[in-house]
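Structural description and commentary
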Amino acid sequence: MSGKADPRTAGERTTSRARLDRGRGALGPALELVHTGRAPTRAVLTAELGVTRATAGAVAAELEALGLIRVDARPGAAAGSQGRPSHRLQVAEDGPVALAAQIHADGFRAALVGLGGRIVATAPGCETVEADPAKVLGSVVEAGAGLLRATGRRCVGAGLAVPSAVAEPAGLALNPLHLAWPVGAPVREIFAECVRAAGIDGPAFAGNDVNLAALAEHRHGAGRGARDLLCVATGHRGVGGALVLDGRLHTGSSGLALEVGHLTVNPEGRPCHCGSRGCLDVEADPLALLVEAGREPGPEVSLLQQANDLVRTQYDDPAVRTAAEALIDRLGLGLAGLVNILNPDRIILGGLHRTLLDADPARLRAVVADRSLWGQSGGVPILPCTLDHNSLVGAAELAWQPVLDDPLGALAGSERD
């Protein structure tokens, strides 16, 4: 009996390895294309990567072996299409997840988020936030750890969204005004310690909640396809903004860019926490709407829900309409200034601002067009955010980024399917 290997089989293995070696640098870009829905088939993946069909096949097979995507073994041609059908690609529904946590003025929530921005599981939210960030972050991480135990999913890392500017490189929460946390709390370090203490593998990250909402919307929602995307949103309190340039968050030299809440839109308006007066933060958030409409905020549900419900169910009430129009005008003034400075190709609005846009889209778009130079020359599309829990999804994007950058390196030592 000969001990020689079949030369054809050995040659096929050598060819396959060579193709994968050539395409290894394409693993990250390929995964991001599938993750963001821009490569639904292997043919599209081949074209987007600029590689041969064989190399794209080897790359897709390696990502499938890592448990990150699924390749349809029996491709089918779409009705009326011509040519050879292409294998369909999708993220693995049973693949790894990232732990995502969000803290806001009215509570916190934890979730597990898979590739594609899919929320796999959520823990019941808490409606109180203590003044000690370590206690709060310990609680939300434990909730996330419970989800991991219940689902048995592998975790690639953890991401945290907070309603504060997060200074780099230390990860300090510089202005957690609505949380009663100390200024400069080292939230990333505390979060990472809680993650390690809970026995969760992978790196831990933290970022501003609106920044992360913008990132999620750019990859999976209303901002998909935009080159220069401006996002402005009300959280449960205050107003935040974010800018995505060429697919990456623009956070400035130390993570503090786009603090749009402190644009002055009403010089004689309400005092702001920053020491100024009439800032967008206090003139166009949920509390501002309730006060403007003469409604007393109640303790039953969050301020954001109260404001949204008021606009959606009582917009015909003259007091509510007048209050909403005042907020729309102030928001439009702020957006016009940002358009003049940033020249975005799309604006997306979240929180109460999304509800105000839905209630009277023509008024808001008219204010922005009338008060901005670039708006007058053609207008900037203004759209509502479309993702539920986009800050949670964005927090998960932070944890997924190392995997998108280097799937093999990030998942080194993992068991393959």
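Analysis parameters
- Residues numbered from 1 in each chain as written.
- Predicted model: local features only at pLDDT ≥ 70, side-chain atom pairs only at ≥ 80, totals over all residues.
- Heavy atoms only, no water.
- UniProt positions renumbered as here; feature names shortened; annotations may be inferred.
- Helix = DSSP H or I, 4+ residues; strand = E, 2+ residues; numbered from the N terminus.
- Buried < 20%, exposed > 50% of the residue type's maximum accessible area, 1.4 Å probe, protein only.
- Contact = heavy atoms within 4.5 Å.
- Areas by Shrake-Rupley, 256 points an atom, 1.4 Å probe, with all protein chains shown as cover.
- Expected span 1.5 Å × (residues − 1).
- Polar contact = N/O pair within 3.5 Å; in protein donor to acceptor, adjacent residues only side chain to side chain.
- Axes fitted to C-alpha atoms, helices over the stretch in contact; angles between N-to-C directions.
- Parallel < 35°, antiparallel > 145°, perpendicular 65-115°, else oblique.
- Nonpolar A, V, L, I, M, F, W, Y, C, P; charged D, E, K, R; others polar.
- Core = buried A, V, L, I, M, F, W, Y, C linked by side-chain atoms within 4.5 Å.
- Salt bridge = Lys/Arg side-chain N within 4 Å of Asp/Glu carboxyl O.
- 1 Å grid on protein atoms, 1.4 Å probe; cavity = no way out; pocket = protein on both sides within 12 Å on 5 of 7 lines; lining within 4 Å.
- Points joined across faces, edges and corners; volume = space filled by probe spheres on them.
- Pairing = 2+ DSSP bridges.

Going by what an unreviewed UniProt entry lists, the protein is known as N-acetylglucosamine repressor and is assigned to Streptomyces cyanogenus. Per UniProt, the comment on the protein under Sequence similarities (unreviewed entry) is "Belongs to the ROK (NagC/XylR) family."

What follows deals with the overall build of the protein. Helices and strands together make up the secondary structure of the protein, namely 16 helices and 14 strands. Going through the 417 residues of the protein one by one, you find that 51% of them count as buried. Here the analysis covers contacts within the protein between residues at least 6 apart in sequence; of these, 64% occur between residues at least 24 apart. Surface accessibility of the protein: about 18500 Å² in total, with carbon and sulfur atoms responsible for 51%.

The end-to-end C-alpha distance of helix H7 (residues 209-220), which contains twelve residues, comes to 16 Å, matching closely the 16 Å that a straight helix rising 1.5 Å per residue would cover. Taken across its twelve residues, H7 has twelve buried, putting it largely inside the fold. Of all the residues in H7, the buried ones are Asp 209, Val 210, Asn 211, Leu 212, Ala 213, Ala 214, Leu 215, Ala 216, Glu 217, His 218, Arg 219 and His 220. Near the N-terminus of H7, the side chain that reaches the backbone nitrogen of Val 210, with its oxygen 3.0 Å away, is that of Asn 208.

It is the contact of helix H10 (residues 303-314) with helix H12 (residues 352-359), at a shortest axis distance of 10 Å, that shows an interaxial angle of 5°. Overall, the two elements H10 and H12 adopt an arrangement that is roughly parallel. Facing H10, whose interface residues are Leu 304, Ala 307, Asn 308, Val 311 and Arg 312, H12 presents Leu 352, Thr 355, Leu 356 and Ala 359. The residue inventory of the contact of H10 with H12, partitioned by class, reads six nonpolar, two polar and one charged.

This part takes up the nonpolar core. Within the largest apolar cluster, 37 residues are counted, with the highest numbers of intra-cluster contacts made by Val 232, Leu 289, Leu 335, Ile 347, Leu 349, Leu 352 and Leu 364. If you list the elements that add at least two residues to this core, you get strand E10 (228-234), strand E11 (239-245), helix H9 (286-292), H10, helix H11 (318-342), strand E13 (346-350), H12 and helix H13 (361-371). At nine residues, H11 tops the list of elements feeding residues into this core. Ignoring any residue separated from it by four or fewer positions in sequence, one finds Leu 364 in contact with Ile 328, Leu 331, Gly 332, Leu 335, Leu 349, Leu 357 and Ile 382. Grouped together as the second largest cluster of nonpolar side chains are 35 residues, Leu 27, Ala 111, Leu 398 and Leu 404 included.

Right, let's talk about the pattern of salt bridges for a bit. Applying the stated criterion across every chain, the model contains 18 salt bridges. Ionic pairing is found between Glu 130 and Lys 135, a salt bridge with its closest N-O pair at 4.0 Å. For Glu 130, a relative accessible area of 45% translates into the label partly exposed. Notably, a salt bridge pairs Arg 321 with Asp 316, separated by 3.8 Å at the nearest N-O pair.

Taken as a whole and assessed by the stated rule, the structure comprises two cavities of 30 Å³ or more. For the largest cavity, the lining is made up of 26 residues, of which Pro 163, Ser 164, Arg 237, Val 239 and Asp 281 are closest to its centre. Every element with two or more residues in the lining of the largest cavity is listed here: H7, E10 and E11. At three residues, E11 tops the list of elements feeding residues into the lining of the largest cavity. Its residues assigned to classes, the lining of the largest cavity shows nine nonpolar, 13 polar and four charged. As a volume, the second largest cavity reaches approximately 40 Å³. Contributing to the lining of the second largest cavity are Ala 165, Asn 208, Asn 211, Gly 241, Gly 255, Leu 256, Ala 257, Leu 258 and Glu 259. For the lining of the second largest cavity, the residue count by class is four nonpolar, four polar and one charged.

Turning our attention to the sheet that holds strand E4 (residues 107-113). Read across the open sheet, the five strands follow the order E5-E4-E3-E6-E9; overall the sheet is mixed. Looking at the sheet topology across the chains shown, the edges are occupied by strand E5 (119-122) and strand E9 (204-208). Neighbour-to-neighbour, the strand axes of the sheet open up by a mean angle of 25°, direction not taken into account. Alignment of strand E6 (residues 155-162) against E9, held across five bridges, turns out to be parallel. For Gly 159, the partnering residue across the bridge sits in E9 and is Phe 205. Contacts from helix H5 (residues 133-151) reach strand E3 (97-104), E4, E5 and E6, with the element oriented near 30° to E4. On the sheet, helix H6 (residues 187-197) packs against E3, E6 and E9 and is oriented at approximately 145° with respect to E9.

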